[in-house]
Amino acid sequence: MTSEKEIVWYKVLSNKDKLPEGRVQTVTAGHQGVCLTHFEGKFSALDNRCPHQGGPLGEGSIENGLLRCPWHGWDFDPCTGLPPGGYDDGVTTFDVKEEGDAIYVGIPEEPAHEETVSDVMIQTMVNWGIDTVFGMVGHSNLGVADAMRRQEKEGKLRFFGIRHEGAAAFAASGYAKLTGKPAACFGIAGPGATNMFTGMWDAKVDRAPLLALSGQVNTQVVGTGAFQEVDLTKAFDSVAEFNHAVHQNSNHSELMALAVKTALIKRDVSHLTFPDEVAFSKKPGNAKPQTPENRITTFGISPPKEMVNRASDMILSAKRPVIIVGHGARFNMTSIIDYAKTLNCPVITTFKGKGLIADDHELGCGVLGRSGTPIASWFMNESDLLIVFGASFSNHTGITPKKPIIQVDFDPMALSKFHKVDAALWGEISETLNILTEKTKGKTNTIDQKPEIDERWKLWKEEKQSRLEDSSSKGLSSIAVFDAMNKITPANAVIAVDVGNNTYSFGRYFEPKNQSILMSGYLGSIGFALPAAMGAWAAQGHERPIWSVSGDGGLGQYLAEISTLVKYNMNIKHIVLNNSELGKISKEQRAAELDVWQTSLHNPSFAAYAENCGALGIRIEKLEDLPTAMEKLRDHNGPALLEVITDVNLI
């Protein structure tokens, strides 16, 4: 045993009567797990880890005078830790003393922490600007988690423990879609990592930077079919642009630096997996965390002169140009709107770009495509030039290839992706706009389309008002819900929306002011809204109100995350349209001339569930109760859910 002055004493039991004769119990002394035994009138303390498979001896039992490991049945003396038969695979013991009714265990003073591979890599991650992580801690990622804990203790990192790793990836995706900067998602080997896969794909196809970190089984058992062994590097090869396992002899800080750099520059997904023994390994003596200083270039890419000249000529000859903006233009809207004013032209958004210009702006014409308004489609069809910023030309949006098109995008592969365009400008939007403005300002000869925009809005609002009067004994219309949101949702809110009929109705009937809208665009993944709102709250929740909207099918995917909102007091307002059906799927079955089958849902009271979690829960079934309920939702200080019973046919 060690000398007295090297021992630190920890109270592990306040009342020794709580451990009867012949029983064992797991206790913790500092960071040391201890199997406390009471045998033949004596209290003894053994290392809680069985030396064979690491079984927790404190969960075992004393049988025939011997302590039996609960995992594989090996026996040890409950006082000395020695095995019968003279073997040398005994268990370390610790000093014990009794003071009154309390039991104390003496543990050798812990040495100062020696930095690990995980420390170097997580410090590098933080230095590169990733300070927010969503995930779940487990047995195969404990080394990385402990490095994160140290960064959190220093105030350099925030970790949000979620209930499902899929929600972690969606939260990281939502964070990136809002800010343009990556957050990280974090899971264990095997199922914890594979649960993140969908959210990683959501970020990838919507060009949102994301870093995924996963634990992994020990390298020595890879390939042997070990518990929770999945070849994660191979599994994530399709989704991660940068995808590597961390090895003992890796250049650890460089590996993390390149992972973050790839996510930032390519606006893509990076993944690193940490075998368990590597994560705990001591860092090499000369290893230092890296910073992005002089490691990342500015993004002021100017388009080729030939294409600039062609685009300028097209603008100068246009009479009825229209500007279409996608999600990729979200950080440049002030400049785009200023340019639109010089052209007196409408500004239309894609569905993913909804909210980039207010519906009540004199040039705003709402959303184009399947979830859009007849205003947007009218002006596109009447135009003689389309100027497209940061849009992907998806089928959902339906930008016609029959008009002359100027396309601006940072990614050359996105230019002319589905069909030819007349002027493809490879460049950052801000830089490209500056050049186009210099070449065309004061030289254009466009007509003023503002009176026509105003007239078209009047026609559409009359139609919306007539639809608002639709009612049913089964529940409210989706139109009524979004009409109320138009009046009550704060003008600067972030709104995460889900997938389904509720989202189509949102696209058509919600009239954005200065709100930011987040959605699962190309992937179209149900369940996105609530986790994405968590990411938005982590990014801007102390600056802006955070709302989310889903159907009952979408909320059911990650319903348990309401308890996460409560745990971290995430001031998120969620509206769920409950029609007890996967209404969009029913609609698709009918369109395919099939029977409606297996789309009905058996739901709990979502409001009562929220209350059980500790959030505010409100449920309404009558139209006259909607405004008051939504105001109560808005004004509540803390997480809150409004459940609205709706008619699946009133969308």
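Report on the accompanying structure. Values in this document were obtained by computation on a predicted structure and should not be read as measured data. (Residues numbered from 1 in each chain as written. Predicted model: local features only at pLDDT ≥ 70, side-chain atom pairs only at ≥ 80, totals over all residues. Heavy atoms only, no water.)

1. Description of the pattern of salt bridges
Close approach of charged atoms lets side chains of opposite charge pair. Tallied over the full model, the rule gives 28 salt bridges. In this structure, Lys266 engages Glu241 in a salt bridge whose closest nitrogen and oxygen atoms are separated by 3.0 Å. Taken together, the positions of Lys266 in helix H7 (residues 252–266) and Glu241 in the loop between helix H6 (232–235) and strand E14 (242–245) put the pair 25 residues apart, joining distant regions of the chain. The partly exposed category is assigned to Lys266, whose relative accessible area is 40%. In this structure, Arg467 and Glu463 form a salt bridge, with 2.3 Å as the shortest nitrogen-oxygen distance. One end of the pair is Arg467 and the other is Glu463, both in helix H13 (residues 450–468) and 4 residues apart, which spans about a single turn. With a relative accessible area of 23%, Arg467 lands in the partly exposed category. A single network of salt bridges, built from pairs that share partners, joins Asp119, Asp146, Arg149 and Arg150. (Salt bridge = Lys/Arg side-chain N within 4 Å of Asp/Glu carboxyl O. Helix = DSSP H or I, 4+ residues; strand = E, 2+ residues; numbered from the N terminus. Buried < 20%, exposed > 50% of the residue type's maximum accessible area, 1.4 Å probe, protein only.)

2. Things to note about the sheet that holds strand E3 (residues 32–39)
Across the sheet, which stays open at both edges, the 6 strands sit in the order E1-E9-E8-E4-E3-E2 with antiparallel pairing between neighbours. The open sheet has two edge strands, strand E1 (7–13) and strand E2 (23–29), and neither has a second partner. The mean inter-strand angle of the sheet, taken between neighbouring strand axes irrespective of direction, is 30°. Pairing of E1 with strand E9 (residues 102–108), which is carried by 6 bridges, proceeds in the antiparallel orientation. Residue pairing for E9: Ile7 is matched across the bridge by Pro108. (Pairing = 2+ DSSP bridges. Axes fitted to C-alpha atoms, helices over the stretch in contact; angles between N-to-C directions.)

3. Considerations on the sheet that holds strand E18 (residues 364–367)
The strand order across the open sheet formed by 6 strands is E18-E17-E16-E19-E20-E21, and the pairing between neighbours is parallel. Either end of the sheet is taken by a strand with one partner, and the two such strands are E18 and strand E21 (423–426). For this sheet, the mean angle separating the axes of adjacent strands, direction not counted, is 20°. When strand E16 (residues 321–325) meets strand E17 (residues 347–349), the two strands line up parallel, connected through 3 bridges. The residue bridging Val325 from the neighbouring strand is Thr349, located in E17. Each of E16, E17 and strand E19 (385–389) touches helix H10 (residues 333–343); the most contacted strand, E16, lies at about 170° to it. Against the sheet, helix H11 (residues 374–382) engages E16, E17, E18 and E19, with an angle of about 110° to E18. (Contact = heavy atoms within 4.5 Å.)

4. Thoughts on the packing of aromatic side chains
In this structure the tally under the stated criterion is 12 aromatic pairs. Note on Trp74 and Tyr87: the rings are 5.9 Å apart at their centroids and 65° apart in plane angle, and the pair reads as edge-to-face. Of this pair, Trp74 sits in the loop between strand E6 (66–68) and strand E7 (75–76) while Tyr87 sits in the loop between E7 and strand E8 (93–99), and the two are 13 residues apart along the sequence. For the pair Trp460 and Tyr509, a centre-to-centre distance of 6.2 Å together with 15° between the ring planes defines the contact as stacked. Highlighted residues: Trp460 in helix H13 and Tyr509 in helix H15 (residues 501–509), separated in sequence by 49 residues. The class for Trp460 is buried, based on a relative accessible area of 2%. Aromatic rings pair up to connect Phe134, Phe160, Trp537 and Tyr568 into one cluster. One cation-aromatic arrangement involves Lys97 over Trp9; the distance from NZ or CZ to the ring centre is 4.4 Å. When the ring centre of Phe506 is taken as origin, the NZ or CZ atom of Lys354, which lies over that ring, is 5.7 Å away. (Phe/Tyr/Trp six-rings, centres within 6.5 Å; stacked < 30°, edge-to-face > 60°. Lys NZ or Arg CZ within 6 Å of the ring centre and 35° of its normal.)

5. Considerations on helix H19 (residues 583–591)
What H19 keeps buried is the set Gly583, Ser586 and Gln589. End-on, the buried residues of H19 take up no more than an arc of 120°, which puts them together on one face. Note on H19: the residue one or two positions beyond its end, Glu593, has a positive phi of about 60°. (Arc of directions from axis to C-beta.)

6. So, the nonpolar core
Ile323, Phe389, Met485, Ile495, Ile575, Met630 and Leu642 are the most contacted members of the largest nonpolar core, which has 83 residues in total. In terms of residue count, helix H14 (residues 478–488) provides more of this core than any other element does, 7 residues in total. The contact partners of Phe389, leaving out residues within four places of it in the chain, are Ile323, Ile324, Val325, Gly326, Ala329, Ile336, Val408, Ile429 and Leu433. (Core = buried A, V, L, I, M, F, W, Y, C linked by side-chain atoms within 4.5 Å.)

7. A look at the side chain of Gln290
Tracing the chain through its elements places Gln290 in the loop between helix H8 (276–280) and helix H9 (305–317). For Gln290, a relative accessible area of 17% puts it in the buried group. A polar contact of 3.3 Å, which involves the side chain of Gln290, links it to the side chain of Ser253. Discounting chain neighbours no more than four positions away, the residues touching Gln290 are Thr124, Asn127, Trp128, Ser253, Glu254, Ala257 and Arg295. (Polar contact = N/O pair within 3.5 Å; in protein donor to acceptor, adjacent residues only side chain to side chain.)

8. Observations concerning the packing of H10 against helix H12 (residues 429–440)
Axis separation between H10 and H12 bottoms out at 10 Å; the angle between their running directions is 20°. Relative to H12, the element H10 is oriented roughly parallel. In this structure, H10 crosses over H12, and the sense of that crossing is left-handed. Contacts between H10 and H12 involve Ser335, Ile336 and Tyr339 from the former and Ile429, Leu433, Leu436, Thr437 and Thr440 from the latter. Counted by class, the contact of H10 with H12 contains 5 nonpolar, 3 polar and no charged residues. (Parallel < 35°, antiparallel > 145°, perpendicular 65-115°, else oblique. Left-handed = near helix turned anticlockwise from the far one by under 90°. Nonpolar A, V, L, I, M, F, W, Y, C, P; charged D, E, K, R; others polar.)

9. As for the environment of Gly285
Among the structural elements, Gly285 can be located in the loop between H8 and H9. Among the residues examined, Gly285 registers a relative accessible area of 81% and is labelled exposed. Between the alpha carbons of Gly285 and Leu577 there is a distance of 57 Å; along the sequence they are 292 residues apart.

10. So, unusual backbone geometry
Phi at Asn569 takes a positive value of approximately 50°, unusual for a residue other than glycine. Residue placement: Asn569 occurs in the loop between helix H18 (561–567) and strand E25 (572–578). Residue class for Asn569 comes out partly exposed when judged on its relative accessible area of 47%. Of note in this structure, Ser580 is not a glycine but carries a positive phi near 55°.

11. A closer look at the state of the cysteines
The final tally for this structure, using the stated rule, is 0 disulfides. Looking at Cys35, it has no disulfide partner, and the nearest cysteine sulfur is the one in Cys69, 10 Å off. (Disulfide = S-S within 2.5 Å.)

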